[in-house]
Amino acid sequence: MTLLTDLPVPVVGAPMAGGVSTPLLVAAVSDAGGLGMLAAGYRSPEQLATDLVHTRDLTDRAFGVNLFVPALPDRERHEDAVADLRARLAPRAAALGVEPGHPVWGDTDGWEAKVQLVETFAPAVVSCTFGLPDAATVRRWQAVGCEVHATVTSPAEARDALAVGVDALVVQGQEAGGHRATHDPQAEPTPVDHLGLLELLGPQVDLPLVAAGGVTTSGDVRRALAAGAVAVQVGTALLLATEAGTSPTYRAALRDPNLTHRVTTRAFTGRVAGAVRNAWVEELEGLVPSAFPVVDQVTRPIRRAAAEAGDVHGIHVWAGSGWRAAQDRSAREIVRDLRP
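Just so it is clear, the model here is predicted, and its values are computed rather than measured.

Asker: Which parts of the structure should I look at to understand the nonpolar core?
Answerer: Grouped burial of nonpolar side chains is what soluble globular proteins tend to show. Counting 92 residues, the largest nonpolar core has W141, L169 and L238 as its most contacted members. Ignoring any residue separated from it by four or fewer positions in sequence, one finds W141 in contact with L67, W111, V115, V118, E119, V126, C128, P133, C146 and V148. Judged by nonpolar contacts, the second largest core, of 12 residues, contains L7, V170, V210 and A231.

As structure tokens, this is what we get:
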């Protein structure tokens, strides 16, 4: 038994790092009958603790938190390419009045402190992306009452997740917006949609499956449930929600009639991600090394300055395949309209 099967609405709010998944959004998704998820990625342990407390103050419903599992890039292999990228971006940064960021090669996103924080706060669910916690960490979280969910993009990753004892799998297809959850950052993600992955995994996995990628309508939800999922995870559908922390420039980009194509690209952070194609992608696609998170550290000040300047071509526009269906209204209404 899992709390996923008891949700009034079988919808998980995708944990969107970088400020989109605010405590307000997380609480609103849970209050609507779904499962809201905080994004711990890019947040310091202190900021995450504040987010956990804030969310608990906003809702008495179950919610969860998502952690990035660190996979440090090979410095010897990528350092020169990252330095070249930083030099290439210097003129763009100067035009915005900033400098490219400086890479921190040993950055683990505060993993150990966040593991402990989750154990202390014991949210209903803890999920992981970009990799798997070890079995001992999974048991620590389960011992305090957390369900542990792992995000997977292939049958091989699903088998690895089973081996460490997780409680559910988030099955992410190629339609997903934002970073693909591929465990090997060097690898290209499996080019299969979530329905295809559900078909592959269903006979092999005796765990609850959550379908993720391109889910923006109640019809999408029905199809995922019919394929064997117990719930869906939605992110793009919530990008324009009133409670989301999506910046004004990001919101404008999602509505821009001149931005018409979606791609998967490493151009912004070094990790493959689903995004709307803009001038940044056109300039840098194929030139960015697969060195997350250091590429993200280099590009982040520039993207932040572009967002402040209203430049839709200087930011990442993470978006799933159904991004045109995103609606500017409350998360409660969006989630309830996804009811199958």
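Asker: What is the right way to look at the packing of helix α4 (residues 111-121) against helix α5 (residues 135-143) in this model?
Answerer: Contact geometry for α4 and α5: axes closest at 8 Å, N-to-C directions at 30 degrees. Compared by their axis directions, α4 and α5 come out roughly parallel. Along the contact surface, α4 presents W111, V115, Q116, V118 and E119, while α5 presents T137, R140 and W141. Residues belonging to the contact of α4 with α5 are distributed by class as follows: 4 nonpolar, 2 polar and 2 charged.

Asker: How should I be thinking about the pairing of strand β8 (residues 209-212) in this particular structure?
Answerer: Residues in a regular strand project their side chains so that they alternate between the two faces of the sheet. Residues of β8 alternate between two faces, with L209 and A211 on one and V210 and A212 on the opposite face, all of them buried. Remark: the β8/helix α8 (residues 218-226)/strand β9 (residues 231-234) crossover connection has right-handed handedness.

Asker: Help me understand the pairing of strand β5 (residues 147-152) in this model?
Answerer: Of all the 6 residues making up β5, 6 are buried; the element is thus mostly covered by neighbouring parts of the structure. The two faces of β5 match: E147, H149 and T151 on one face and V148, A150 and V152 on the other face are all buried. Here 4 bridges tie strand β4 (residues 125-129) to β5, and the two strands are oriented parallel to one another. Within the sheet, the bridge partner assigned to C128 lies in β5 and is A150. One crossover worth recording links β4 to the parallel β5 by way of α5, and it is right-handed. As judged from the 4 bridges shared by β5 and strand β6 (residues 168-172), these two strands associate in the parallel manner. When the bridges of β6 are listed, T151 appears paired with V170. Handedness of the β5-helix α6 (residues 155-164)-β6 crossover: right-handed.

Asker: It is not clear to me how helix α9 (residues 248-255) should be interpreted in this structure. Could you clarify?
Answerer: Side chains of residues three or four places apart in an α-helix project in the same direction, reflecting 3.6 residues per turn. Considered for burial, the residues of α9 that qualify are T249, Y250, R251, A253 and L254. Residues of α9 that are buried sit in contact with α11 (294-309).

Asker: How should the layout of surface pockets be read in this particular structure?
Answerer: Gaps between atoms show up when a probe of the same size as a water molecule is rolled over them. Taken as a whole, the second largest pocket encloses approximately 240 Å³ of empty space. Taken together, 16 residues make up the lining of the second largest pocket; nearest its centre are D107, T108, D109, F292 and P293. Its residues assigned to classes, the lining of the second largest pocket shows 9 nonpolar, 3 polar and 4 charged.

Asker: Sorry, what's going on with a positive patch on the surface here?
Answerer: A contiguous patch of positive charge on the surface is contributed by R61, R332, R336 and R339. One can find R332 in helix α12 (residues 331-337).

Asker: What should I look at first to understand the sheet that holds strand β7 (residues 178-179) in this one?
Answerer: Hydrogen bonds along the backbone pair up the strands of a sheet, which may run parallel or antiparallel. What the 3 strands build is an open sheet, ordered β7-β11-β10; its pairing is antiparallel. Only two strands of the sheet have a single neighbouring strand rather than two, namely β7 and β10 (262-265). In the sheet, β10 pairs with strand β11 (residues 273-276) via 4 bridges, with the strands oriented antiparallel. Bridge pairing in β11 links R262 to V276.

Asker: Help me out: how do you make sense of the packing of aromatic side chains in this one?
Answerer: Any two aromatic rings considered together are summarised by their centre-to-centre distance and by the angle between their planes. All chains considered together, the criterion is met by 7 aromatic pairs. Ring centres of F68 and F292 lie 6.3 Å apart, and the angle between their planes is 70 degrees; on these two criteria the pair is classed as edge-to-face. A residue pair is termed long-range when its members are at least 10 positions apart, and F68 in strand β3 (residues 63-68) and F292 in the loop between α10 (279-284) and α11 qualify at 224 residues. Just as F68 is buried, F292 falls in that class too. Here the aromatic rings of F268 and W318 are separated by 5.6 Å at their centres, their planes lie at 90 degrees, and the arrangement is edge-to-face. Residue F268 is found in the loop between β10 and β11, and its partner W318 is found in the loop between α11 and α12; the two are separated by 50 residues along the sequence. In this pair, the class of F268 matches that of W318, namely buried. One aromatic cluster in this structure is built from Y42, F68, F130 and F292. The ring of F130 has R271 lying over it, and the distance from NZ or CZ to the ring centre is 3.9 Å.

Asker: How should I be thinking about the side chain of T22 in this particular structure?
Answerer: With respect to the secondary-structure elements, T22 resides in the loop between β1 (11-13) and α1 (23-31). At 2.7 Å, the side chain of T22 and the backbone oxygen of E243 are in polar contact. Ignoring anything within four residues of it in the chain, the contact list for T22 reads E243, A244 and G245.

Rules of the game
Residues numbered from 1 in each chain as written. Predicted model: local features only at pLDDT ≥ 70, side-chain atom pairs only at ≥ 80, totals over all residues. Heavy atoms only, no water. Core = buried A, V, L, I, M, F, W, Y, C linked by side-chain atoms within 4.5 Å. Buried < 20%, exposed > 50% of the residue type's maximum accessible area, 1.4 Å probe, protein only. Contact = heavy atoms within 4.5 Å. Axes fitted to C-alpha atoms, helices over the stretch in contact; angles between N-to-C directions. Helix = DSSP H or I, 4+ residues; strand = E, 2+ residues; numbered from the N terminus. Parallel < 35°, antiparallel > 145°, perpendicular 65-115°, else oblique. Nonpolar A, V, L, I, M, F, W, Y, C, P; charged D, E, K, R; others polar. Right-handed = clockwise from strand over helix to strand, strands pointing away. Pairing = 2+ DSSP bridges. 1 Å grid on protein atoms, 1.4 Å probe; cavity = no way out; pocket = protein on both sides within 12 Å on 5 of 7 lines; lining within 4 Å. Points joined across faces, edges and corners; volume = space filled by probe spheres on them. Patch = residues over 30% accessible without salt bridge, like charges linked within 9 Å, V, L, I, M, F, W, Y side chains within 5 Å. Areas by Shrake-Rupley, 256 points an atom, 1.4 Å probe, with all protein chains shown as cover. Salt bridge = Lys/Arg side-chain N within 4 Å of Asp/Glu carboxyl O. Lys, Arg positive; Asp, Glu negative; His and termini not counted. Charge placed at Lys NZ, Arg CZ, Asp CG, Glu CD. Phe/Tyr/Trp six-rings, centres within 6.5 Å; stacked < 30°, edge-to-face > 60°. Lys NZ or Arg CZ within 6 Å of the ring centre and 35° of its normal. Polar contact = N/O pair within 3.5 Å; in protein donor to acceptor, adjacent residues only side chain to side chain.

Read these as geometric descriptors, not functional statements.
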